Amino acid sequence: MISIERSLVTPRWQRIALPIASLAIAAILAGIVLAASGHDPLATYQQIYEASFTSTGALTATFIYATPLLFTGLCVALAFRMRVWNIGGEGQLYMGAVGAAGVGLALGAGRSRS
């Protein structure tokens, strides 16, 4: 008889190989979609890389846009670790940004501009 048991220890090779394999499969599938829509996948990936990392100011902009999403992901991961379902993390991020902008506008309205 075959039994399935949950392993409490993940092998090191799995912690390295699975994310790399996931990225490779995602890149291949996206490349197929790009090719099917008439775009060159390699040129598209090169343009994404340059726009995200090597152009002037690109790395700073990447960090600026990625930081709120990383914090949102950490918050959702924390909720999942506590076995609490938290769907809508991205919407919570946007509503928090709207609320923070509203508070900033309300508190800054009484100050004079120099």
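Right above here is the structure, for reference.
The structure reproduced in this document is the subject of the present report. Values in this document were obtained by computation on a predicted structure and should not be read as measured data. (Residues numbered from 1 in each chain as written. Predicted model: local features only at pLDDT ≥ 70, side-chain atom pairs only at ≥ 80, totals over all residues. Heavy atoms only, no water.)

1. Quick look at a nonpolar patch on the surface
Here's step 1: Side chains of Ile25, Ile28, Leu29 and Ile32 sit close together on the surface and give an oily, nonpolar patch of about 410 Å² of accessible area.
Here's step 2: Mapped onto the secondary structure, isoleucine 28 falls in helix H1 (residues 12–36).
Here's step 3: Taking the relative accessible area as the measure of exposure, isoleucine 28 reaches 55% and is therefore exposed. (Patch = residues over 30% accessible without salt bridge, like charges linked within 9 Å, V, L, I, M, F, W, Y side chains within 5 Å. Areas by Shrake-Rupley, 256 points an atom, 1.4 Å probe, with all protein chains shown as cover. Salt bridge = Lys/Arg side-chain N within 4 Å of Asp/Glu carboxyl O. Helix = DSSP H or I, 4+ residues; strand = E, 2+ residues; numbered from the N terminus. Buried < 20%, exposed > 50% of the residue type's maximum accessible area, 1.4 Å probe, protein only.)

2. Details of the packing of H1 against helix H2 (residues 41–54)
Here's step 1: At a minimum axis separation of 9 Å, H1 and H2 run at an interaxial angle of 115°. Along its contact with H1, which presents Ala27, Ala30, Gly31, Leu34 and Ala35, the element H2 presents Pro41, Thr44 and Tyr45.
Here's step 2: Partitioning the contact of H1 with H2 into residue classes produces six nonpolar, two polar and no charged. (Axes fitted to C-alpha atoms, helices over the stretch in contact; angles between N-to-C directions. Contact = heavy atoms within 4.5 Å. Nonpolar A, V, L, I, M, F, W, Y, C, P; charged D, E, K, R; others polar.)

3. Regarding the packing of aromatic side chains
Here's step 1: One pass over the full model with this rule turns up two aromatic pairs.
Here's step 2: Judged by centre distance (5.4 Å) and plane angle (45°), the rings of tyrosine 49 and phenylalanine 53 are tilted. One end of the pair is tyrosine 49 and the other is phenylalanine 53, both in helix H2 and four residues apart, which spans about a single turn.
Here's step 3: Relative to tryptophan 85, the ring of phenylalanine 80 lies with its centre 5.4 Å away and its plane at 70°, an arrangement referred to as edge-to-face. (Phe/Tyr/Trp six-rings, centres within 6.5 Å; stacked < 30°, edge-to-face > 60°.)

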